[in-house]
Amino acid sequence: MHFRAPIRLPEHVSVQVVVVRKREGLLHSSHVIEELTTTTEQMMGRFERDAFDTLFDHAPDKLSLVKKSLITFVNKHLNKLNLEVTELETQFADGVYLVLLMGLLEDYFVPLHHFYLTPDSFDQKVHNVSFAFELMLDGGLQKPKARPEDVVSLDLKSTLRVLYNLFNKYKNAE
């Protein structure tokens, strides 16, 4: 469940565990029922569907319009550093553009030793995205619903949610 494996776990699985304790030189055993899974809804949590779930499910034709709008917003700011985004799916996955974008939007320089400018591993990329999320919290944004691992794993919906959060707050920023 933690790693969001694409398998469906059976509901209401429990095991009987034998607990053995030694007291005063004698072994005492008892049986305890350990519940491993409950209902799927409780295990996975109730995720509220948002506009992006609806967009992906019912209006995939409008997805390109949303992506173009977000690319325009992002490039408006990243162009100040002579950087340009053409692919939302891949270019934010290492977290570098997210960190730089937050610095530009909040009008400060992010010291280069705080993040990996050329991340080599999955962990370094997750570090960068997590750091960008921290900068978002410092900037007064709510904690993104997406997990850093999802953004790094090229999950478009997660990336769009993060960028849309930024767009909502900074759409009028110069």
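Before reading on, note that the structure itself is shown above.
Cut-offs and rules
Residues numbered from 1 in each chain as written. Predicted model: local features only at pLDDT ≥ 70, side-chain atom pairs only at ≥ 80, totals over all residues. Heavy atoms only, no water. Core = buried A, V, L, I, M, F, W, Y, C linked by side-chain atoms within 4.5 Å. Buried < 20%, exposed > 50% of the residue type's maximum accessible area, 1.4 Å probe, protein only. Helix = DSSP H or I, 4+ residues; strand = E, 2+ residues; numbered from the N terminus. Contact = heavy atoms within 4.5 Å. Pairing = 2+ DSSP bridges. Phe/Tyr/Trp six-rings, centres within 6.5 Å; stacked < 30°, edge-to-face > 60°. Expected span 1.5 Å × (residues − 1). Axes fitted to C-alpha atoms, helices over the stretch in contact; angles between N-to-C directions. Parallel < 35°, antiparallel > 145°, perpendicular 65-115°, else oblique. Nonpolar A, V, L, I, M, F, W, Y, C, P; charged D, E, K, R; others polar. Polar contact = N/O pair within 3.5 Å; in protein donor to acceptor, adjacent residues only side chain to side chain. Left-handed = near helix turned anticlockwise from the far one by under 90°.

K.L.:
Please explain the nonpolar core as it appears in this structure.
P.N.:
Grouped burial of nonpolar side chains is what soluble globular proteins tend to show. Counting residues in each nonpolar core, the largest one holds 37 residues, and the members touching the most others are L88, F92, L98, M136, L163 and L166. For this core, the secondary-structure elements that each account for two or more residues are α3 (60-78), α5 (96-106), α6 (122-138), α7 (148-152) and α8 (156-170). No other element matches α5, which puts 9 residues into this core. When sequence neighbours within four positions are dropped, the list of residues in contact with M136 reads L98, M102, L141, P144, V162 and L166.

K.L.:
Help me understand the pairing of strand β1 (residues 14-23), please; the structure alone is not making it clear to me.
P.N.:
Successive side chains on a regular strand alternate, one facing one side of the sheet and the next facing the other. In the sheet, β1 pairs with strand β2 (residues 26-35) via 10 bridges, with the strands oriented antiparallel. Considered in β2, the bridge of R23 is made with L26. Joining the antiparallel neighbours β1 and β2 is a turn of 2 residues, in which E24 adopts a positive phi near 50 degrees.

K.L.:
Explain the packing of aromatic side chains here, please?
P.N.:
For any pair of aromatic rings, the description consists of the separation of the ring centres together with the inter-plane angle of the planes. By the definition in use, this model includes 4 aromatic pairs. Connected via pairs of aromatic rings, a cluster forms that spans F73, Y164 and F167.

K.L.:
Help me understand the side chain of H77, please; the structure alone is not making it clear to me.
P.N.:
Following the sequence through the fold, H77 ends up in helix α3. Contacts of H77, omitting those with residues within four sequence positions, involve L101, L104, L105, Y170, A173 and E174.

K.L.:
What's the story with α6 in this structure? I'm lost.
P.N.:
In an α-helix, one full turn covers 3.6 residues, which means residues spaced three or four apart are oriented alike. The first and last C-alpha atoms of α6 sit 24 Å apart over 17 residues, in line with the 24 Å expected at 1.5 Å per residue. Residues of α6 that are buried: Q124, V126, N128, V129, F131, A132, F133, L135 and M136. Elements that come into contact with the buried residues of α6 comprise α5, α7 and α8. Among the residues trailing α6, G140 stands out with phi positive, at a value near 95 degrees.

K.L.:
I would appreciate a short explanation of the packing of α5 against α8 in the present structure.
P.N.:
Pairs of packed helices are described in terms of their axes, by the angle between the two and the distance that separates them. The N-to-C vectors of α5 and α8 enclose an angle of 10 degrees; their axes lie 12 Å apart at closest approach. For the element pair α5 / α8, the angle class is roughly parallel. Of the residues in α8, those in contact with L98, L101, M102, L105 and E106 of α5 are V162, L163, L166, K169 and Y170. Partitioning the contact of α5 with α8 into residue classes produces 8 nonpolar, no polar and 2 charged.

K.L.:
Looking at this structure, how should I read the environment of T72?
P.N.:
Among the secondary structure elements, T72 is positioned in helix α3. Along the sequence, T72 and E84 sit 12 residues apart, while their C-alpha atoms lie 9.6 Å from each other. Within polar-contact distance, the side chain of T72 engages the backbone oxygen of K68 at 2.8 Å.

K.L.:
Help me understand unusual backbone geometry in this model?
P.N.:
What you tend to see is this: most non-glycine residues have negative phi, and most peptide bonds are trans. Within the chain, E24 stands out as a residue other than glycine whose phi angle is a positive 50 degrees. Within the secondary structure layout, E24 lies in the loop between β1 and β2. If you check the backbone angles, N82 has positive phi at about 60 degrees while not being a glycine. For N82, the location among the structural elements is in the loop between α3 and α4 (88-91). A relative accessible area of 73% places N82 in the exposed class.

K.L.:
Explain the packing of α5 against α6 to me, please; I cannot follow it from the model alone.
P.N.:
In contact at an axis separation of 8 Å, α5 and α6 are set at 20 degrees when each is read in the N-to-C sense. Looking at the two axes, α5 sits roughly parallel to α6. Note that α5 runs across α6; the crossing there is left-handed. Contacts between α5 and α6 involve V96, L98, V99 and M102 from the first element and N128, V129, F131, A132, L135 and M136 from the second.

No statement about biological role is implied by the geometric values presented.
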